[in-house]
Amino acid sequence: QIQVEEDRIGLSPEILRRAFLDNLFYIQGKPLALATKNDFYIALAYTVRDRMLHCWNSTASTYTARGSRTVCYLSAEFLMGPHLGNNLINLGIYDQMKQAIEGLDLDFEELIAQEEEPGLGNGGLGRLAACYLDSLATLEIPSMGYGIRYEFGIFDQEIRDGWQVEITDKWLRYGNPWELPRPEWAVEIKFGGYTEPFTDDQGRYRVRWIPAWSVKGVPYDTPILGYQVNTANTLRLWKAEAPESFDFEAFNQGNYYRAVQEKVASENLTKVLYPNDEKFEGKQLRLQQQFFFVSCSLQDMFHILERQQLPLEAFPQKFTVQLNDTHPAIAVAELMRLLVDKYLVEWDKAWDITQQTLAYTNHTLLPEALEKWALDLFAGLLPRHLEIIYEINARFLDRVRLKFVGDAERTARMSLIDEQGARYIRMAHLACVGSHAINGVAALHSELLKQTVLKDFYEFFPEKFSNKTNGVTPRRWIALSNPSMTKLITSKIGSGWIKHLDQLRQLESFVGDIEFQRQWRESKRSNKQSLAALVKNRLDITIDPDSLFDVQSKRIHEYKRQHLNALHIVTLYDSIKQNPTLEITPRTFIFGGKAAPGYYMAKLMIKLITAIAEVVNGDPDVRDRIKVVFIPDYNVTNSQPVYPAADLSEQISTAGLEASGTGNMKFAMNGALTIGTLDGANVEIREEVGAENFFLFGLITEEVAALKEQGYNPWDYYHSNDALKAAIDLIASGHFSHGDRDLFKPLVDKLLHHDPFLLLADYASYIECQTKVDQAYRDTQHWTRMSILNAARMGKFSSDRSIRDYCKEIWKVQPIEVL
Ligand code: 26V
């Protein structure tokens, strides 16, 4: 007997079970006996989705009725991770659904594990966007995420013979139950061609853009449900398709085959996510992707404005648009073009609207990551936008000259166009000039922005600058991924902390409670046991849950210094070999992370870690004291069991180079202690948890700068530190490469002769600090206290706090309750 309505909204285990079987039959077309694991997963996903659709509809109608101001978060990446578990948590029916499924003798966790995560991001920047969507919905803020529906997300990583191998990510292979295509809201995006001036029938001077080709942008919407609220916002991702019709003749003189070619090319636009992070490459397709999703999104906003019958002047009241790094910075020129060319708004008025609407977040200071597009490439694709950028630049530089009379160097430095040699468009400058607010992602990073890459802009409009320290969502990163700790905390202080993370401070009153300490250790121990089981299963490596789990998981990059961690391991290994009875705290070193496919040095770092693992794990003299594990294919799914199992979190970037970090927050919230430099958000984490509960080492930003200034010579450190020399020599000798002395030579040579990230300068301090960690871990009670205090004091790093700051200080938006 089918009870449609109740079966689609009811939350009891009985109704959920009935709904699940119904979906299995009517969506997958399978009875229980014939269904595959994927069928079960899809039926389960639809059962959950059904329960979200009511919220989604009520949210949309509430927003329309209230005419609310909407946050539009523009990001080339959204690293959402699997939806199912998260939606169950946010709906508050995780346990009920588990009961419903287990009542059918199915393995609930196994079904949840079926989901192929949408890996539509590289790392920190994309994951931040996902955490922010969760907080926006939870805080009941009208908002929309806009991005690209890549057919292939970040590659899957396999490790073969110790090397990274990239495998295409076919995440859409078995369908995506979370998205709804909205072909009726498709838009057209134009590229190439040329411009010509003309006088319109009112005698106005105007410019006409005659594009050479176009693509269609089709929106795919995914509901983003808040935690225990009725708000379900939308993530709208654009897919490129061939245009309905385009007058190719106008440009191609009837060249049919070229027209067909261009149709094929248009569908390539959203095929694949570029897998670089922190390294800019001026690829044409990448610029096409950026303009594509920006233009789709802005046109979508104009359509919403029209549907609500609001005047153009209302644009900045209706929308506040956040640019997640410079990837969507072309929005400055596109919004101007739409206003001036299409909607016939006069320039000054259009410029006001643009500036009032846009705000820009910077995520990196690394010069090689700053986007600058070669002028000819840009002109070929977006000729009209280039003219608009020239006009913006001319007007802006006039103001610069007025404020800094005679300072021609400053004018050249601030220009939107880099004219030293080949000419480039500087996207960060465009974003700064076109936005009313500019922010960094941690206190230190925001200060450094003002002192370095954006110094001139800070001097020109200081009022635009602010800091918005990153945060992460406690729903995914604690409640979902660490159920044992969640249960323990809730038993002591109730469940309010999941929405108000500051409440974790109440745990401080239990820090001396022996029984609570024991339960805390037991929770950590069971999480370590689970990770050990996963490692055994996937890699057939046995690790000891009673050893110290020392974890570094993040993208592989020289500035993040995974090889400094490796030098510590080699030093420990060498000292045990020299002194076989050496007493050390048994440790398991765990690594995870992908290298950009074209980043040779990062790939070699993976090979170094796996090579050290092979030797260390195979050596009976050391293997009961140290073990090394590289977890392949580090992504959201695979990271979720890692944070709860860590004792020690490695946050060891060269000071001044990690903008914020967000993994550092996930570890500390889950009770790991941090060994770290004064970099990014580490600074603020240490302030919050207390210096006595944080293992600090290394040069600070000013010392790094001073050392480089005076002429840094890694050789001096190599020759004056025996342990360092021994570790490097051992790697160079071929000890970890079956006698091959060439394999790691590029890495060793770079350290000895150049060492741009100052590993050798920080080595002694790092090793000394690791010795303190070793000793501290032996005092179990004290370690437990520190672990509890870390978790208890991490409230600041909830993305709810970050989003509240953005809402109050940049977006000027208020919550709207959905009933
Ligand atoms: C740059 C590029 C260049 C073109 C190809 C694709 C691509 C993708 C990403 C990026 C920029 C990456 C910048 C980034 O991820 N920054 C990280 O942002 C995190 C969130 O704010 C922050 O926690 C990390 O410290 C910062 O490295």
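Criteria and cut-off values
Within each chain, residues carry numbers counting from 1 in the order of the written sequence. Totals for whole chains, interfaces and linings use all residues, but because this is a predicted model, local features are given only for residues with pLDDT of at least 70 and pairs of side-chain atoms are given and counted only at 80 or more. Side-chain measures here rest on the full set of heavy atoms in the structure, leaving out hydrogens and waters. Each nonpolar core is a collection of buried residues, namely Ala, Val, Leu, Ile, Met, Phe, Trp, Tyr and Cys, held together in the definition by side-chain atoms within 4.5 Å. Any residue under 20% of the maximum accessible area for its type is buried, any over 50% is exposed, and the rest in between are partly exposed; the area is computed with a 1.4 Å probe on protein chains only. Numbering of helices and strands runs from the N terminus, with a helix taken as a DSSP run of H or I at least four residues long and a strand as a DSSP run of E at least two residues long. Working rule for contacts: check all heavy atoms of both residues, and any pair within 4.5 Å makes them a contact. Here a patch means residues that are over 30% exposed by relative accessible area and free of salt bridges, tied together within 9 Å if like-charged and within 5 Å if nonpolar (Val, Leu, Ile, Met, Phe, Trp, Tyr). Reported accessibility uses the Shrake-Rupley method at a 1.4 Å probe radius. Residues are deemed covered only where the shown protein chains occlude them. Salt bridges are counted wherever a side-chain nitrogen of Lys or Arg sits within 4 Å of a carboxyl oxygen of Asp or Glu. Under this scheme, a helix contributes an axis fitted over its contacting stretch, all axes are lines through C-alpha atoms, and angles between N-to-C directions fall in the 0 to 180 degree range. In what follows, roughly perpendicular refers to angles from 65 to 115 degrees, roughly parallel to angles under 35, roughly antiparallel to angles over 145, and oblique to any angle outside these ranges. Gly is placed with the polar residues, together with every amino acid not listed as nonpolar (Ala, Val, Leu, Ile, Met, Phe, Trp, Tyr, Cys and Pro) or charged (Asp, Glu, Lys and Arg). Given the number of residues in a helix, its expected span is that number minus one, multiplied by 1.5 Å.

Student: Please provide a residue-by-residue account of the nonpolar core, values included.
Tutor: Grouped together as the largest cluster of nonpolar side chains are 115 residues, with contacts concentrated most on F191, F292, I392 and W811. For this core, the leading source of residues is helix α10 (residues 284–307), giving 11 residues. Excluding its chain neighbours within four sequence positions, the residues that come into contact with F191 are W209, P211, A212, W213, V215, L269, Q288, F291, F292, L381 and L382. Core analysis: the next-biggest nonpolar cluster, separate from the first, contains 85 residues, M97, C131, L480 and V511 among them.

Student: Tell me what's going on with the environment of V616, and back it up with residues and numbers.
Tutor: Residue placement: V616 occurs in helix α24 (residues 600–618). The exposure class assigned to V616 is buried, which follows from its relative accessible area of 0%. Separated by 486 residues in the primary sequence, V616 and A130 place their C-alpha atoms 38 Å from one another. Those residues in contact with V616 that lie beyond four places of it in its chain are Y573, V622, R623, I626, K627 and V628.

Student: Outline a nonpolar patch on the surface, supporting the account with residue identities and numerical values.
Tutor: A surface patch of nonpolar side chains, about 460 Å² in accessible area, is lined by Y256, Y257, V260 and V264. Summarising the element assignment, Y257 is placed in helix α9 (residues 256–268).

Student: Can you lay out the packing of helix α22 (residues 514–539) against helix α33 (residues 780–792) for me, pointing to particular residues and giving the numbers?
Tutor: Here α22 crosses α33 at 80°, and the two axes come no closer than 10 Å. With respect to α33, the axis of α22 lies roughly perpendicular. Packed against α22, whose contacting residues are I514, F516, Q517, W520 and R521, the element α33 presents T780, Q781, T784, R785, S787, I788 and A791 at the interface. The class makeup of the residues in the contact of α22 with α33 is 5 nonpolar, 5 polar and 2 charged.

Student: Please provide a residue-by-residue account of the pattern of salt bridges, values included.
Tutor: As enumerated under the stated definition, the model contains 59 salt bridges in all. Note that E109 and K98 form a salt bridge whose closest N and O atoms lie 3.4 Å from each other. Separated by 11 residues along the polypeptide, E109 in helix α6 (residues 108–112) and K98 in helix α5 (residues 94–102) bring together distant segments of the chain. Since its relative accessible area comes to 25%, K98 is described here as partly exposed. A salt bridge links R204 to D200, with the nearest nitrogen and oxygen atoms 3.0 Å apart. Residue classification places R204 among the partly exposed positions, given a relative accessible area of 34%. Classification of D200 by relative accessible area gives buried; the value is 9%. Each of D407, R410, R413, K455, D456 and E459 takes part in salt bridges that share partners, so that together they form one network.

Student: Quick rundown of α22? Include the residues and the values.
Tutor: End to end, α22 covers 36 Å across 26 residues, agreeing with the expected 38 Å (1.5 Å per residue, within 8%). Restricting attention to buried positions, one finds in α22 the residues F516, Q517, W520, S523, K524, N527, K528, L531, A532 and V535. On its buried side, α22 packs onto α21 (483–493), β20 (548–553), β21 (587–592), β22 (626–631), α32 (759–778) and α33. Positive backbone phi, at 55°, marks D540, one or two positions downstream of α22.

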